[in-house]
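Chain by chain, the residues:
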Amino acid sequence: MEQLTPLADLIPLDLLSFVLERDTSKLLPGVHMKEADGSIQENEYIFSLLEPKKVEKREAGDKKDENNKGNILERTKERRQKSNGERGRIILGLRFSRKRLHFLFRGHGGVVEHWGFRGTRLADNRWHTLVLAIGSHHVRLTVDCSSPLEMYSRSFTTIQWQYSKSARTLQPYHSRLTGLLRQLVLVPGSDATHHICPSSEPHLSVLSVPPLLSDLSIMGKEADGHVISYETQERVSVGLERACSELLQGQLWFNPLRKGLYLCDGTVWITVLEDHKRLDYVLEHQVLTTSSETHDVEVFQVPGIGLMAAMAHRSTASGSAVYLWSQTGFQLYQNISTYGALAWRHFSMGKKVFLVVSNSGSRPDKHSSKESETDSSVIYKWSRKRKRFVRFQTLQTHCARDWEAFNINQQTYLAVANHRQGNHNHTINSVIYKWNQLTKSFEVHQFLLTTGAYDWEFFTVGPYHFLVVANAFDGVTTSVDSVIYVWVNGSFQVFQTIKTFCATDWEMFQIGSRVFLAVANGHRLHGNGPSRYTINSTIYELDMNGKLFVRFQDIVTYSAVDWEFFSLGEEYFLVVANSFNGESYSLNSILYRWQGYEGFVPVHWLPTIGCSDWEFFSSKGESYLMYSSAKAPLSKVFKLKTY
């Protein structure tokens, strides 16, 4: 028995090639063909994996299974059968009946569990493409590139198996597939859906077809029963821009700039092939010297001006600054007076552009030597006449750490994260403000009790609006609950609480239909005990059935203060701001790439000094990452080189 190599080293396995490509004159040992007698059975296995008959005769040194989580891509043209397949020693199986697909697997205690996908009628004498993606807690089925069907189960265990010459992959004769199977591919550790979808003919999508079957006719039937071929000869036009219309239906277009091939369906161009960007390496593009250490950077566009970056500088004397992007990098554009600035947030209302700053200190009072417990954060508005940001409105805050701007039902809101009042009171109200169209100002809409609030993150899933707060410290410990709120009848109500450890940032992102929340945990501290800076930050995934966020992946971080999510082509990335490891502020912040069911894996290590924030942005077809330093008067811009 041969043991599989680690999952990351595995390549897609074309299972039919093992059977058909070696010698077409005879079948391999253990492979059988049986002519159907025309009877219709109830259940037929498309794919199944069985353990060997006599497991006690395993060879020495082969007792330890390797985890193999994969996806099975299949194309099947079926005829209906009638029979109940035996489950026997099944490890994993996919079979179909008249009205549904059945997924079977061996769960806890060796018990075979049976899940059914309803509404998947395959016994229609047509070709179909199936993608079955198997994860640690759920299974996703995609039929003909349509919307995926998902099932979740906390009892779903990792499937462990080994390739063996003695292992069988089909059930007894009476439950085998009666029809044509054109491809059967195992893709370890990845979701194969994005390799074949979208497609102009989703039921005929191809990932891998053995050469012996490559000339198998793809036939269909017209209403009168005459057989026609789907294969046609299409002309290909070449150019940068083409309009798709009914006259061009079926026409192919090649765009040399995008290196893409597209098919006109009569209305829009459908992607057939496209050269997607892939990250190659990260190159230092600019070292920007700043007037002070920087806690936060916000990159945004101002129409008619260009790409800008607002930097929250620590120094009250020099204030903060707005920079304008040019071919060589960011150049100083405007200085703005701030007082211990911790964050900037950009937002728009119609054609008007705004910036709001989180001030953690108060404006010096020449007539008083007392330190005020009330700070003033300021909203600035872009003046198209002066081409500058000008003061618009001042709001009372308490050591504000963050602002979040969002829209619900065409109304604009601002949320401020009040960190503490004075030096010791951390359990205070943070505030939701709402724009009043009559008074042309933001007014208090709702108070939310927070505990050392550090960050707000707003996001929408379907018709639901969420707001999550990163609570960091209650005055004694950093082990506190952060809270996810949901919008109900005009205000936010508690949806879920999650235990965090000096939570400093939340980052929401989506990959396909999956919704994730990543929290940056700063450090563990309780009372006068020592602080632990090397701890897990966690990614949570929204369980649509359970209606709550569940733990998806833990990642070791070093006093993390920010997550930034971005995509390049069809690749997805997360970069973390590691700020301190207990001994030094000079350490690597890490760039992670999405690897499907393996989650995020590290791919690049970026040297940073007291990293406080990451921002991803694009300009003229190029992509960049920028980080700010809270321990040195500099920021850096990295260029993401793709191929």
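Per an unreviewed UniProt entry, the chain carries the name Thrombospondin-type laminin G domain and EAR repeat-containing protein and comes from Larimichthys crocea. Per UniProt, the chain has the following entry under Subcellular location (unreviewed entry): "Cell projection, Stereocilium".

Focus on the pairing of strand β27 (residues 388-397)
By the bridge criterion, 9 bridges tie strand β26 (residues 375-383) to β27 in an arrangement that is antiparallel. Within β27, the residue paired with Ser377 across the bridge is Leu395. Counting the residues between successive antiparallel strands, the hairpin from β26 to β27 contains 4 residues, one of them, Lys387, with a positive phi of roughly 55°.

Topic: the sheet that holds strand β36 (residues 503-511)
Reading across from one edge, β36-β37-β38-β39 is the order of the 4 strands in this open sheet, with antiparallel pairing throughout. Strands with a single pairing partner mark the edges of an open sheet, and in this sheet they are β36 and β39 (548-558). Each strand of the sheet is rotated relative to its neighbour by a mean of 20°, with strand direction disregarded.

Thoughts on a positive patch on the surface
A contiguous patch of positive charge on the surface is contributed by Lys351, Lys352, Arg384 and Lys440. Within the secondary structure layout, Lys351 lies in the loop between β24 (341-349) and β25 (352-359). Residue classification places Lys351 among the exposed residues on the basis of a relative accessible area of 74%.

A word on the pattern of salt bridges
Applying the stated rule across the entire model yields 8 salt bridges. Where Arg345 meets Asp402, a salt bridge forms, and the shortest distance between an N and an O atom there is 3.0 Å. Remark: Asp402 occurs in strand β28 (residues 400-408) and Arg345 occurs in strand β24; sequence separation between them is 57 residues. The salt bridge involving Lys499 is made with Asp481; its shortest N-O contact spans 3.5 Å. Placement of the pair is Lys499 in strand β35 (residues 491-501) and Asp481 in strand β34 (residues 479-488), with a sequence separation of 18 residues. When its relative accessible area of 42% is taken as the criterion, Lys499 is described as partly exposed. For Asp481, a relative accessible area of 33% translates into the label partly exposed. In the salt-bridge network here, residues are joined through shared partners; they are Glu298, Arg345, Asp402 and Glu404.

Things to note about the nonpolar core
In globular proteins that are soluble, nonpolar side chains generally tend to be buried together. Ranked by internal contacts, the top residues of the largest apolar core, which has 21 residues, are Leu92, Leu101, Phe103, Phe117, Leu130, Leu132 and Val139. Elements with a contribution of two residues or more to this core: β2 (44-50), β5 (90-96), β6 (100-106), β7 (112-118), β8 (127-134) and β9 (138-143). Ranked by residues supplied to this core, first place goes to β5 with 4 residues. One finds Phe566, Leu591, Phe616 and Leu640 within the second-largest nonpolar core, a separate group that totals 19 residues.

Rules behind the numbers
Every chain is numbered independently, its residues counted from 1 as its sequence is written. This being a predicted model, a pLDDT of at least 70 is required before a residue's local features are given, and a value of 80 or more before pairs of side-chain atoms are given or counted; all residues contribute to the totals for chains, interfaces and linings. By convention in this description, side-chain values take in all heavy atoms of the structure and omit both hydrogens and water. UniProt positions are given in the numbering used here, feature names are shortened, and annotations may be inferred rather than shown by experiment. Here, any two strands with at least 2 DSSP bridges between them count as paired. What counts as a helix is a DSSP run of H or I of at least four residues, what counts as a strand is a run of E of at least two, and both are numbered from the N terminus. Axis angles are defined between N-to-C directions and span 0 to 180 degrees, where every axis is a line fitted to C-alpha atoms and, for a helix, only to the segment in contact. Each patch is built from residues lacking any salt bridge and having more than 30% relative accessible area; the joining distance is 9 Å for like charges and 5 Å for nonpolar side chains (Val, Leu, Ile, Met, Phe, Trp, Tyr). Note on areas: these come from Shrake-Rupley sampling with a 1.4 Å probe, and a residue is covered only by the protein chains present in the view. Salt bridges are counted wherever a side-chain nitrogen of Lys or Arg sits within 4 Å of a carboxyl oxygen of Asp or Glu. In this tally, Lys and Arg are treated as positive and Asp and Glu as negative; His is ignored, and so are the chain termini. Taken as the charge centre is NZ of Lys, CZ of Arg, CG of Asp or CD of Glu, depending on the residue. A 1.4 Å probe rolled over the protein chains alone gives each residue an accessible area, and that area as a share of the maximum for its type sets the label: buried under 20%, exposed over 50%, partly exposed in between. Residues grouped as a nonpolar core are buried Ala, Val, Leu, Ile, Met, Phe, Trp, Tyr and Cys residues, joined through side-chain atoms within 4.5 Å.

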